[in-house]
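Chain by chain, the residues run as shown.
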Amino acid sequence: MFRSNNVTARIFERQICTPAPGTSIHYVRRFYENLVPSCTIYDVECPDHLFRKFTDDGHYLISFSRNHQDLIVYRPTWLSFSCKEEDCHSNDLPSKANRFESFFTQLYCVHLASSNEFICKDFFLYMESNQFGLFATSTAQIHDAPAAGGAIQGIPSIEKITFHLLRLEDGAILDERVFHNDYVNLAHSMGVFLYDDLLAIVSLRYQTIHILQIRDSGNLVDVRAIGTFCREDDELFLNSNPQVPVNHVGTALQHNQFLTDGSFLSGVKQRLLSFIFRGIWNEETDQTLRIQCLKKKFYIHFQDYVDLIIWKVQFLDRHHLLIKFGSVDGGVARNADHQPAFFAVYNMETTEVIAFYQNSAEELYFLFEQFCDHFHATSKNSLHMNFISSHSNNIHALEQLRHNKNKASSFPLFVKKMLAFLPSCCQSQSPSPYFDQYLFRYDEKLISATDRHKQSTDHPIKFIARRQPYSLKFKIKAGPEGGTPDGRTKKIASYLFHPILPFALSIQQTLFLQPSVVNIHFRR
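Quantities reported herein were computed from a predicted structural model and do not represent experimental measurements.

> Help me out: how do you make sense of the overall build of the chain in this one?
For the chain, the count of helices and strands is 11 helices and 26 strands. Relative to its 524 residues, the chain shows a buried fraction of 48%. Contacts spanning at least 24 positions in sequence make up 56% of the contacts within the chain whose residues lie at least 6 apart. Total accessible area on the chain is roughly 26,400 Å²; 52% of this is exposed by carbon and sulfur atoms.

Next comes the structure, spelled out in structure tokens:
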């Protein structure tokens, strides 16, 4: 560890000292304590776009047009200027510094949405190894759509959802995947998860998990669909079965009618019920006690288990999925934390459920507390995402978690609150070193690594060093330099940090569709 806070002394120390094994990157990241975005340009002249985020490698800034029709991609370039005096830092910045184009170069603009579709501004996933970007467009929701063709009653319908795979280097559209009369939760990428080259898309309306592979050529290839069937030949087996199901009056039913009218449990639901049944069965060895136990724990709740639907999915690795189940009402609700929910670990290769927990299970919470990073499955090719602070890899984050746990009035409610974050949203956290809690301390109520809007204040957000003497390193303030004259107007702010450079954007918005106030924070 560096013995001095002076950047020159740190450079010399890096030359002559060897860090402990496995700590070389952490050792180098200490330089970010000296390299901070110390200068702010308020209310820069910039295009009226919806700025989404920097890509995880920092090569691109993603933005959308205000009419949700076009994708605009920028390359960060940095401000360059010259001065005649020896000390440039004592001079004011040139007038061009107040222009967005001085820091970014527009690479291209691509028209993504067609006819009555709109770009989902909260959805963007990045495949760093190929520099591919996944975007989504959709038509408006139909809330009272009839449940036909095996759809779930109570789930809205979207006439058309299109996923676009682009090569960000030149904006070429490589492939598209369209879902008709379906519902995928696109907000904050909640219904889609990317792991390496595997993509999971959850159809809430038809209760199907579509697993796709993104090839190096840029093609989206179907791998499997998990829902009504679990294996590729399940449908063939059922259709070739000579036994024809009979209804309660003795009339033979057609196979297709039997599979779509809801009387036949889906493959994934059958796997789930079988796992629950076997778990309760194995609790007792005596046959009489087994029957009693099944009556109390399984049969009495059988219909509740049957009524569960898939809410959300994430990859744990290339073979295992973490699936969240709950009621129909919670599937599309903005906040379903208060509703009962269940988690299942599903093996895609064996089609088996290997673990099942309720959202109040302390066992699952302790696994989440100790192995939080395993629930944020990131690509093995992404070096930037491996240093995001969590309570399983950072002592300061763990202390904050324990403080919140001790302060909670009810431990079961605290467990439910923490497990509500599972399954995690894909690529929802910034890898910027300024959110590294080994390096800096900041108010997480005002700013955090999580990709969410925060309430904007007229006071700057302070980033304080974790090392002695705990000095203020830099401040970030969203909105005009002198604050807003109308303090009653509700304002929200988003902060886009570059993953590598001492560079950030703060964007303040009001709820009345006024132009955003964009500030640029950089190291001069």
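> Where do I start with the pairing of strand 14 (residues 208-214) in this structure?
A regular strand places its side chains so that they alternate between the two faces of the sheet. Summarising burial for strand 14: six of the seven residues are buried, a large majority. Bridging between strand 13 (residues 198-203) and strand 14 involves six bridges; their strand directions are antiparallel. In the strand pairing of strand 14, Leu 199 is matched with Leu 212. Where strand 13 folds back on strand 14, the antiparallel hairpin that results is connected by four residues, among which Gln 207 adopts a positive phi of roughly 50°. Both strand 14 and strand 15 (residues 220-226) contribute to a ladder of six bridges, which runs antiparallel.

> When you look at the pattern of salt bridges in this model, what are you seeing that I'm missing?
Pairing is possible between side chains of opposite charge, provided their charged atoms come close. According to the stated counting rule, one finds 16 salt bridges in the structure shown. Across the salt bridge formed by Asp 436 and Arg 29, the nearest N and O atoms sit 3.2 Å from each other. Remark: Arg 29 occurs in helix 2 (residues 24-29) and Asp 436 occurs in the loop between helix 11 (411-419) and strand 20 (440-441); sequence separation between them is 407 residues. Judged on exposure class, the residue Asp 436 and its partner Arg 29 are both buried. The shortest N-O distance in the salt bridge between Asp 170 and Arg 167 comes to 2.9 Å. Residue classification places Asp 170 among the partly exposed residues on the basis of a relative accessible area of 42%.

> How do you make sense of the sheet that holds strand 16 (residues 309-315) when you look at a structure like this?
Sheets are built from strands that pair by backbone hydrogen bonding, the pairs being arranged parallel or antiparallel. Strand order in the open sheet formed by four strands is 16-17-18-19, with antiparallel pairing between adjacent strands. If you trace the sheet from one side to the other, it starts and ends with strand 16 and strand 19 (352-358), each paired once. Put simply, the sheet's adjacent strands are angled 25° from each other on average, direction ignored. Across six bridges, strand 16 lies against strand 17 (residues 320-326) in antiparallel orientation. Bridge pairing links Phe 315 to Leu 321 in strand 17. Against the sheet, helix 5 (residues 267-281) contacts strand 16, strand 17, strand 18 (342-347) and strand 19, and its axis sits at roughly 70° relative to strand 19.

> When you look at the environment of Gln 509 in this model, what are you seeing that I'm missing?
Inspection of the secondary structure puts Gln 509 in strand 25 (residues 503-510). When the C-alpha positions of Gln 509 and Ala 493 are compared, they lie 6.2 Å apart, and in sequence the two are 16 residues distant. Residues within four places of Gln 509 in sequence aside, it is in contact with His 453, Lys 490, Lys 491, Ile 492, Ser 494 and Ser 516.

> Any chance you could explain the confidence of the model for the chain here in plain terms?
It should be kept in mind that the predicted coordinates are not to be read in detail where pLDDT is low. Looking at the chain, pLDDT values average 87 and 89% of them are 70 or higher. Element-level pLDDT for the chain is lowest in helix 4 (residues 255-260), with a mean of 45, against a maximum mean of 97 in strand 8 (residues 132-138). Segment residues 246-260: pLDDT under 50, and 21 contacts once partners within four positions in sequence are set aside and those in other chains are kept.

> Explain the packing of aromatic side chains to me, please; I cannot follow it from the model alone.
Any two aromatic rings considered together are summarised by their centre-to-centre distance and by the angle between their planes. Summed over all chains, the structure comprises 41 aromatic pairs. Measuring from ring centre to ring centre gives 5.1 Å for Tyr 74 and Phe 100, while their planes differ by 80°; the resulting arrangement is edge-to-face. With Tyr 74 in strand 4 (residues 70-76) and Phe 100 in the loop between strand 4 and strand 5 (104-111), the pair connects residues that are 26 residues apart, well separated along the chain. Ring plane angle 35° and centroid distance 5.3 Å describe the contact between Tyr 442 and Phe 463, whose orientation is recorded as tilted. Taken together, the residues span a long stretch of sequence, with Tyr 442 in the loop between strand 20 and strand 21 (454-455) and Phe 463 in strand 22 (residues 461-465) at a distance of 21 residues. Residue classification places Phe 463 among the buried positions, given a relative accessible area of 0%. Aromatic rings pair up to connect Tyr 32, Tyr 434, Phe 435, Phe 440, Tyr 442, Phe 463, Phe 474 and Phe 497 into one cluster.

> Honestly, the sheet that holds strand 13 in this entry has me stumped. Any pointers?
Read from one edge of the open sheet, four strands run 12-13-14-15, paired in antiparallel fashion. Each edge of the sheet is formed by a strand with only one pairing partner; in this case those strands are strand 12 (192-195) and strand 15. Mean inter-strand twist for the sheet, computed between neighbouring axes without regard to direction, equals 20°.

> What am I meant to see in the side chain of Asn 394 here?
Counting through the fold element by element, Asn 394 comes out in the loop between helix 9 (362-370) and helix 10 (395-407). Classification of Asn 394 as buried rests on a relative accessible area of 3%. A polar contact is formed between the side chain of Asn 394 and the backbone nitrogen of Ala 397, at a distance of 3.1 Å. Sequence-distant contacts of Asn 394, that is, excluding residues within four places in its chain, are made with Ser 389, Asp 436, Gln 437 and Tyr 438.

> Just checking my understanding: could you explain helix 11 for this structure?
Looking only at helix 11, the buried set comprises Phe 414, Val 415, Met 418 and Leu 419. Axial view of helix 11: buried residues confined to an arc of 125°, hence all on one face. Summarising the geometry of helix 11, the exposed residues directed more than 90 degrees from the buried face are Leu 413 and Lys 417. As for helix 11, its buried residues are in contact with strand 17, strand 18, strand 19, helix 9 and helix 10.

> Looking at this structure, I do not really get unusual backbone geometry. What am I missing?
Excluding glycine, most residues fall at negative phi; most peptide bonds, likewise, are trans. Backbone torsion omega between Leu 422 and Pro 423 reads -15°, so that peptide bond is classified as cis. Position of Pro 423 relative to the elements: it lies in the loop between helix 11 and strand 20. Here Gln 468 and Pro 469 are connected by a cis peptide whose omega angle stands at 10°. Looking at the secondary structure, you find Pro 469 in the loop between strand 22 and strand 23 (472-476). Of note in the backbone geometry, His 68 takes a positive phi value of approximately 60° without being a glycine. Checked against the element boundaries, His 68 lands in the loop between strand 3 (61-65) and strand 4.

What counts as what
Residues numbered from 1 in each chain as written. Predicted model: local features only at pLDDT ≥ 70, side-chain atom pairs only at ≥ 80, totals over all residues. Heavy atoms only, no water. Helix = DSSP H or I, 4+ residues; strand = E, 2+ residues; numbered from the N terminus. Buried < 20%, exposed > 50% of the residue type's maximum accessible area, 1.4 Å probe, protein only. Contact = heavy atoms within 4.5 Å. Areas by Shrake-Rupley, 256 points an atom, 1.4 Å probe, with all protein chains shown as cover. Pairing = 2+ DSSP bridges. Salt bridge = Lys/Arg side-chain N within 4 Å of Asp/Glu carboxyl O. Axes fitted to C-alpha atoms, helices over the stretch in contact; angles between N-to-C directions. pLDDT = per-residue confidence, 0-100. Phe/Tyr/Trp six-rings, centres within 6.5 Å; stacked < 30°, edge-to-face > 60°. Polar contact = N/O pair within 3.5 Å; in protein donor to acceptor, adjacent residues only side chain to side chain. Arc of directions from axis to C-beta.

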